[in-house]
Amino acid sequence: DESQEVKFDVDGVQVTNATLKLTDEMGNRRFKFDNMNLTTGHIAKNEPITLDASLHAVGDNPKMDANIQLKGSLLADAEKKIFGAKGLDAAIQGSVDSLSKLDLKVSGDLEAKPELSEFMVDSLKLVVKADMQGKVLALALTAPKITAQKDEISGKEVNVELSCALSTRDLTRS
């Protein structure tokens, strides 16, 4: 008996101002996602999907109250075992666990071939600012290109800036 593969091909999806509530009884967690908006381009098996999504997330374990945005082109090619994101632009603002006044932004291109232990990051930019129990934390990371293949990592310059403003003095490292 040969199994027939179902063809999945959709012109796009649009969700406007939706709400979703999740309860995890075993994990004793509750989440509410509201103001959910999602617009995608064409969706088909093993093809990139462009998307633009935003939502407000509230949870109790971990405690969170944050706005989340995600834009880009995502790929999950199960046949070639390639996964990635092109033109990724993601952001989180709000509070998550012990971080308040969180402002996280990440952009760049990512590609993973897990079966070959190959991972690539291109034009990565990560900026995080948050208040952690009275300490203001800031992190900025830029990586023009990083490639990891099995046990070898190569790339261009990676720049990391980290600062922590304490109540009476500042500590800054670059």
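Our structure is the block above this text.
In this report, we go over the structure that sits alongside the text. Every value quoted in this text rests on a predicted model; they were computed, and no experiment measured them. (Residues numbered from 1 in each chain as written. Predicted model: local features only at pLDDT ≥ 70, side-chain atom pairs only at ≥ 80, totals over all residues. Heavy atoms only, no water.)

As for the pairing of strand E11 (residues 152–155)
So, step 1. Where strand E10 (residues 135–149) meets E11, four bridges bridge the pair, whose relative direction is antiparallel. If you follow Gln 149 over to E11, its bridge partner there is Glu 152.
So, step 2. Remark: two residues form the turn of the hairpin made by E10 and E11, two consecutive strands paired antiparallel; Lys 150 in that turn has positive phi of roughly 50 degrees. (Pairing = 2+ DSSP bridges. Helix = DSSP H or I, 4+ residues; strand = E, 2+ residues; numbered from the N terminus.)

Re the pattern of salt bridges
So, step 1. Taken as a whole and assessed by the stated rule, the structure comprises six salt bridges.
So, step 2. The closest approach of N and O atoms between Lys 45 and Glu 79, which form a salt bridge, is 3.8 Å. With a gap of 34 residues between them, Lys 45 in the loop between strand E4 (43–44) and strand E5 (49–60) and Glu 79 in the loop between strand E6 (63–77) and strand E7 (82–96) connect regions that are remote in the sequence.
So, step 3. Given a relative accessible area of 57%, Glu 79 falls into the exposed group.
So, step 4. The salt bridge partner of Lys 113 is Glu 118, with a shortest N-O separation of 4.0 Å.
So, step 5. Each of Glu 111, Lys 113 and Glu 118 takes part in one network of salt bridges that share partners. (Salt bridge = Lys/Arg side-chain N within 4 Å of Asp/Glu carboxyl O. Buried < 20%, exposed > 50% of the residue type's maximum accessible area, 1.4 Å probe, protein only.)

Examining the side chain of Asp 131
So, step 1. Examined against the element boundaries, Asp 131 turns out to sit in strand E9 (residues 118–132).
So, step 2. Lys 101 is the oppositely charged side chain nearest to the buried, salt-bridge-free Asp 131, at an N-O distance of 4.4 Å.
So, step 3. One polar contact links the side chain of Asp 131 to the main-chain amide nitrogen of Gly 134, over a distance of 2.9 Å. (Lys, Arg positive; Asp, Glu negative; His and termini not counted. Polar contact = N/O pair within 3.5 Å; in protein donor to acceptor, adjacent residues only side chain to side chain.)

Quick notes on the nonpolar core
So, step 1. Counting seven residues, the largest nonpolar core is built from Ala 85, Leu 88, Ala 90, Val 106, Val 121, Leu 124 and Ala 143.
So, step 2. Secondary-structure elements contributing two or more residues to this core are E7 and E9.
So, step 3. In terms of residue count, the dominant contributor to this core is E7 (three residues).
So, step 4. When neighbours within four sequence positions are excluded, Val 121 is seen to be in contact with Asp 109, Leu 110, Pro 144, Lys 145 and Ile 146. (Core = buried A, V, L, I, M, F, W, Y, C linked by side-chain atoms within 4.5 Å. Contact = heavy atoms within 4.5 Å.)

Here's the deal with the packing of aromatic side chains
So, step 1. Applying the stated criterion to the full structure yields one aromatic pair.
So, step 2. Here Phe 31 and Phe 33 contribute two aromatic rings whose centre-to-centre distance is 6.2 Å and whose plane-to-plane angle is 10 degrees, an arrangement assigned as stacked. Like Phe 33, Phe 31 is buried. (Phe/Tyr/Trp six-rings, centres within 6.5 Å; stacked < 30°, edge-to-face > 60°.)

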